[in-house]
Amino acid sequence: MTTNKKGWKEIPKGGLILEAGNSVKYQTGSWRSLRPVRDEDKCTHCLICWVYCPDSSIIVKDGKIKEIDYDHCKGCGICAAECPTNAITMKNESEFRSEQNAKG
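Conventions used here
- Residues numbered from 1 in each chain as written.
- Predicted model: local features only at pLDDT ≥ 70, side-chain atom pairs only at ≥ 80, totals over all residues.
- Heavy atoms only, no water.
- Helix = DSSP H or I, 4+ residues; strand = E, 2+ residues; numbered from the N terminus.
- Contact = heavy atoms within 4.5 Å.
- Areas by Shrake-Rupley, 256 points an atom, 1.4 Å probe, with all protein chains shown as cover.
- Salt bridge = Lys/Arg side-chain N within 4 Å of Asp/Glu carboxyl O.
- Buried < 20%, exposed > 50% of the residue type's maximum accessible area, 1.4 Å probe, protein only.
- Phe/Tyr/Trp six-rings, centres within 6.5 Å; stacked < 30°, edge-to-face > 60°.
- Lys NZ or Arg CZ within 6 Å of the ring centre and 35° of its normal.
- Polar contact = N/O pair within 3.5 Å; in protein donor to acceptor, adjacent residues only side chain to side chain.
- Pairing = 2+ DSSP bridges.

(A) Structural context of the overall build of the chain. Within the chain, the secondary structure is distributed over three helices and four strands. Walking the chain from its N terminus toward its C terminus, one meets helices and strands in the order β-α-β-β-α-β-α. Within the chain, counting contacts between residues at least 6 apart in sequence, those at least 24 apart form 66% of the total. Of the accessible surface of the chain, which amounts to about 8100 Å², a share of 52% is contributed by carbon and sulfur atoms.

This is the structure we're talking about:
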C-alpha cells in the first residue's frame, strides 16, 4: 500500500509565509481591542498613516484616505501615533461591538 503523505523533510517549517499576499484571505480584525477612528475634519490626507500601517488597512482612492479596512486592521495604533494632526484616535473596540449588537 502506497501513501501520498509528505515526509518530515517535505513539510514546511512552522511560521513560514509560503505565498505572497496571503493575508487578504484571512480577516484578522475580529480580535482587535482598540480601533483607529479618523476625524475627517482634522485629516489632511498626508498619507503618513497609509505608509506606516503594517496591515495595509488604510484604503486610499485618488490620493485621499477613503476608509479603514477593519476586517484586517489589528488595532496596533501605529497610524494614530504617526498622524501629525492627531486625526486618528484609538477607541475601545467594545464601544463598537455594543453598537453592532444593538443594530442586530
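(B) Region of the structure containing the pattern of salt bridges. With the rule as written, the count across this model stands at three salt bridges. Note that Arg32 is salt-bridged to Glu93, the shortest N-O span being 2.9 Å. A residue pair is termed long-range when its members are at least 10 positions apart, and Arg32 in the segment before strand 1 (34-38) and Glu93 in helix 3 (residues 93-103) qualify at 61 residues. Of the residues examined, Arg32 reaches a relative accessible area of 4% and is grouped as buried. Residue class for Glu93 comes out buried when judged on its relative accessible area of 3%. One salt bridge connects Arg35 with Glu93, and the closest N-O pair in it is separated by 2.9 Å.

(C) Up close: the packing of aromatic side chains. Within the structure shown, the criterion is met by zero aromatic pairs. The ring of Tyr70 carries the charged tip of Arg35 above its face, separated from the ring centre by 4.2 Å. When the ring centre of Phe96 is taken as origin, the NZ or CZ atom of Arg35, which lies over that ring, is 4.3 Å away.

(D) Expanded view of the side chain of Arg32. A polar contact is formed between the side chain of Arg32 and the side chain of Glu93, at a distance of 2.9 Å. Setting aside anything within four residues of it in sequence, one finds Arg32 in contact with Tyr70, Cys73, Lys74, Gly75, Glu93 and Arg97.

(E) Focus on the pairing of strand 3 (residues 64-68). Judged from the four bridges that link them, strand 2 (residues 58-61) and strand 3 form a sheet pairing that is antiparallel. Bridge pairing links Val60 to Ile65 in strand 3. Where strand 2 hands over to strand 3, the hairpin turn is made up of two residues, of which Asp62 adopts a positive phi near 55°.

(F) Structural context of unusual backbone geometry. Positive phi outside glycine occurs at His45, with the angle close to 60°. With respect to the helices and strands, the residue His45 is situated in the loop between strand 1 and helix 1 (48-52). Residues other than glycine seldom take positive phi values, yet Asn86 does so here, at roughly 55°. By the secondary structure assignment, Asn86 is in the loop between helix 2 (78-82) and strand 4 (88-92).

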